[in-house]
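Examination of the molecular architecture
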Amino acid sequence: ELLDEKEPNFNPLVDPKCAWALAHMDYFPVDAQTADYEQLLRVPGIGVTSARRILTARRVGPLTFSGLKTLGVVLKRAQYFLTCSGRPLTGLRVREDGLLRHLAALDASREPVMEQLSLFDGPGGGVP
């Protein structure tokens, strides 16, 4: 389901769940107050535990974005794909065409810098 004929490869800039969400923007935004468990699981930033917590918490009262953060939802990703009671996050001003850039920047900021090791680098500084 993650790959299809239109998108046969994963996007190397974002994780597979974000890539699927970006390719299926017609499913979003999902309202945290009314979405079922499967819909919540499709939202980047919401995992199994967070989805269960959302279902439990909304029985008590309406959900807010600050409440979602308290429940463990990763709002850095989820904010673009969620609403709370029909309202998006206040101040969110990212258009759909800029969404990939924002998500890719999030993933790039947590990637460790990789460096190719050499057999000849060391205390001597190279091949004598």
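See the structure shown above.
A brief report on the enclosed structure follows. Predicted model only: the values in this text are computed from it and were never measured.

1. Things to note about the packing of aromatic side chains
According to the stated counting rule, one finds three aromatic pairs in the structure shown. On the basis of an interplanar angle of 65 degrees and a centroid distance of 5.0 Å, the ring pair of Phe28 and Phe81 is categorised as edge-to-face. In this pair, Phe28 is assigned in the loop between helix H1 (16-23) and strand E1 (30-31) and Phe81 in the loop between helix H5 (75-78) and strand E2 (82-83), connecting sequence segments 53 residues apart. Overall, the relative accessible area of 0% leaves Phe81 in the buried class. Each residue in the set Trp20, Tyr27, Phe28 and Phe81 is aromatic and connected to the rest through ring pairs, giving one cluster.

2. Describing the nonpolar core
Membership of the largest hydrophobic core comes to 29 residues, with the highest contact counts inside it found for Phe28, Val43, Ile46, Ile54, Leu68, Phe81 and Leu82. Considering each element in turn, this core owes the most residues, four residues, to H1.

3. Here's the deal with unusual backbone geometry
Cis peptide bonds are those with omega within 30 degrees of zero, and the linkage from Phe28 to Pro29 qualifies with 0 degrees. Structurally, the position occupied by Pro29 is in the loop between H1 and E1. Phi is positive for Ser85, close to 55 degrees, though the residue is something other than glycine. For Ser85, the position within the fold is in the loop between E2 and helix H6 (99-110). Given a relative accessible area of 36%, Ser85 falls into the partly exposed group.

What counts and what doesn't
- Residues numbered from 1 in each chain as written.
- Predicted model: local features only at pLDDT ≥ 70, side-chain atom pairs only at ≥ 80, totals over all residues.
- Heavy atoms only, no water.
- Phe/Tyr/Trp six-rings, centres within 6.5 Å; stacked < 30°, edge-to-face > 60°.
- Helix = DSSP H or I, 4+ residues; strand = E, 2+ residues; numbered from the N terminus.
- Buried < 20%, exposed > 50% of the residue type's maximum accessible area, 1.4 Å probe, protein only.
- Core = buried A, V, L, I, M, F, W, Y, C linked by side-chain atoms within 4.5 Å.

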